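Coordinate analysis (summary)
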Amino acid sequence: MPVTQRAIDHIKGMIADGLLQPGDRLPTERDLAAELGASRSSMREAIRALTTLGVLEARHGAGVYVTPLRPGDLLETFSVLAEISQGETLIEVLQVRRMLEPAATALAAARADDAQLRRLAGILERIGTGESEGETVAADLSFHQAIVEITGNATLVAVNDGLSSRTFNARVWHGHREAGLSARLREDHERIYQALHDRDPDAARAAATTHVMEVERWLRGHLGSSQRD
């Protein structure tokens with residue numbers, strides 16, 4: 001195993017074993033290198049890598065510390081997957097969404113309170129009803145993120161955020177609008193909201209599944225026409 005990878009695993013192991021807690025200051029590069037029998041440059045690379053991943057943070061003049069280890073921070077780099085994926089990989093991203101979103105939406109239907117439903121209703125009003133496509137795209141993302149937040153699962157919220165792409169959503173809405181089908185997407189969101197409002201997990205699961213499958217269907221058709229061109 002490369003020395004830098006061993007150094008990364010060593011620091012992660014210290015955190016996993018509770019030797020380092022969120023907010024703790026990391027031992028110096030010199031001490032860590034001596035403990036592992038590695039060079040300081042290898043340890044420096046390991047710290048840099050873990051900083052990029054959101055595990056560590058450098059504080060100017062104060063050293064390197066363990067971050068709060070929040071799921072949203074640790075999975076932040078994951079979001080690049082949805083933003084830059086193309087072709088079959090993008091379809092795979094949607095297939096993962098088809099596994100997660102219906103379950104999350106069903107759970108949200110069981111847990112949503114009146115205030116959360118009012119917030120969703122306000123977001124829904126901005127989806128597909130205004131002249132600005134950008135506003136619709138932003139509201140669409142906010143709608144689904146708000147639903148996942150209702151589950152109370154911070155890791156699921158972070159994963160969902162990583163699987164959501166403003167760029168891709170804009171393509172989906174633009175494509176449906178050009179084809180005169182934007183009302184179909186609006187209706188999908190209305191069905192999802194109604195199921196949550198009715199506190200009906202089964203209907204919520206079905207509505208979310210239908211929505212993701214509609215987006216996947218559009219993408220497959222879009223990719224097919226691009227290949228023919």
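Residues numbered from 1 in each chain as written. Predicted model: local features only at pLDDT ≥ 70, side-chain atom pairs only at ≥ 80, totals over all residues. Heavy atoms only, no water.

**With respect to the side chain of aspartate 188**
The following threshold applies: By definition, any uninterrupted DSSP run of H or I lasting at least four residues is a helix, any uninterrupted run of E lasting at least two residues is a strand, and each is numbered from the N terminus. Buried, partly exposed and exposed residues are distinguished by accessible area as a fraction of the type maximum, computed with a 1.4 Å probe on protein chains only: under 20%, between the cut-offs, and over 50%, respectively. The term polar contact refers here to a pair of N or O atoms within 3.5 Å; inside protein, the definition further demands a hydrogen-donor-capable atom paired with an acceptor-capable atom, and it admits residues adjacent in sequence only when both atoms are side-chain atoms. By definition in these notes, contact holds between two residues if any of their heavy atoms fall within 4.5 Å.
Residue placement: aspartate 188 occurs in helix α11 (residues 182–197). By relative accessible area, aspartate 188 is classed as buried at 2%. At 3.2 Å, the side chain of aspartate 188 and the side chain of histidine 211 are in polar contact. With residues up to four places along the chain from it excluded, the contact list for aspartate 188 reads Thr210, His211 and Glu214.

**Some words on the packing of helix α7 (residues 114–124) against α11**
Put simply, the rule reads: Axes, fitted as lines to C-alpha atoms, cover a helix only where it is in contact. Angles between the N-to-C directions of the axes lie from 0 to 180 degrees. Each angle gets one of four labels, with under 35 degrees taken as roughly parallel, over 145 as roughly antiparallel, 65 to 115 as roughly perpendicular, and the rest as oblique. Charged means Asp, Glu, Lys or Arg here, nonpolar means Ala, Val, Leu, Ile, Met, Phe, Trp, Tyr, Cys or Pro, and polar covers whatever is left, Gly included.
Axis separation between α7 and α11 bottoms out at 11 Å; the angle between their running directions is 170°. Accordingly, the angle class assigned to the pair α7 and α11 is roughly antiparallel. Touching Leu117, Leu120, Ala121 and Leu124 of α7 are Arg186, His189, Glu190, Tyr193, Leu196 and His197, all from α11. Looking at the contact of α7 with α11, its residues break down into six nonpolar, two polar and two charged.

**Brief notes about the packing of helix α8 (residues 133–150) against helix α10 (residues 166–178)**
Heads up, the condition is: Less than a right angle of anticlockwise turn of the near helix away from the far helix marks a crossing as left-handed, whereas a clockwise turn marks it as right-handed.
Contact pair α8 / α10: the axes reach a minimum separation of 9 Å and the direction vectors enclose 125°. Accordingly, the angle class assigned to the pair α8 and α10 is oblique. Taken as a pair, α8 and α10 cross one another with a handedness that is right-handed. Together, Glu133, Thr136, Val137, Ala138, Asp140 and Leu141 of α8 and Arg166, Asn169, Ala170, Trp173, His174 and Arg177 of α10 make up the contact between the two elements. Broken down by class, the residue content of the contact of α8 with α10 amounts to five nonpolar, three polar and four charged.

**Things to note about the pairing of strand β1 (residues 56–59)**
Note the following rule: Strands pair, by our definition, only if DSSP identifies at least two bridges between them.
Inspection of the sheet shows β1 paired to strand β2 (residues 63–66) by four bridges, in the antiparallel sense. Bridging from a neighbouring strand, leucine 56 pairs with valine 66 of β2.

**Brief notes about the environment of arginine 126**
By the secondary structure assignment, arginine 126 is in the loop between α7 and α8. The class for arginine 126 is partly exposed, based on a relative accessible area of 35%. Beyond its immediate sequence surroundings of up to four residues, arginine 126 is in contact with Glu135, Thr136 and Ala139.

**Structural notes on the domain arrangement of the protein**
Heads up, the condition is: An automatic or database domain assignment provides the domain bounds reported here.
Segmenting the protein into domains produces domain 1 (3–69) and domain 2 (73–227). Once you take the C-alpha centre of each, domain 1 and domain 2 turn out to be 37 Å apart.

**Some details on helix α1 (residues 3–16)**
Quick note on the threshold: Any helix carries an expected span of 1.5 Å times its number of residues minus one. Starting at the helix axis, one direction is taken to each C-beta atom, and the arc is that of these directions.
Under the 1.5 Å per step criterion, the end-to-end length of α1 is 20 Å for 14 residues, consistent within 8% with the ideal 20 Å. Of the residues making up α1, those classed as buried are Ala7, Ile8, Ile11, Met14 and Ile15. Take α1 and look down its axis: the buried residues cluster within an arc of 125°, on one side only. Residues of α1 that are buried sit in contact with α2 (29–36), α3 (40–52), β1 and β2. Directly after α1, the chain includes glycine 18, whose backbone phi takes a positive value near 85°.

**Structural notes on the pattern of salt bridges**
What counts is decided by this rule: Each salt bridge in this description consists of a side-chain nitrogen of Lys or Arg and a carboxyl oxygen of Asp or Glu lying within 4 Å of one another.
The full count for this structure, using the stated rule, is 15 salt bridges. Salt-bridge contacts for lysine 12 lead to aspartate 9; the nearest nitrogen and oxygen are separated by 3.9 Å. In this pair, lysine 12 and aspartate 9 are both assigned in helix α1, three residues apart and thus about one turn of the helix distant. Among the residues examined, lysine 12 registers a relative accessible area of 40% and is labelled partly exposed. For aspartate 9, a relative accessible area of 30% puts it in the partly exposed group. Residues glutamate 214 and arginine 217 are paired through a salt bridge, measuring 2.9 Å at the closest nitrogen-oxygen approach. Of the two residues, glutamate 214 and arginine 217 both sit in helix α12 (residues 201–228), three residues apart, roughly one turn of that helix. By relative accessible area, glutamate 214 is classed as buried at 9%. Several salt bridges share partner residues, and in doing so they unite Arg98, Glu216 and Arg220 into one network.

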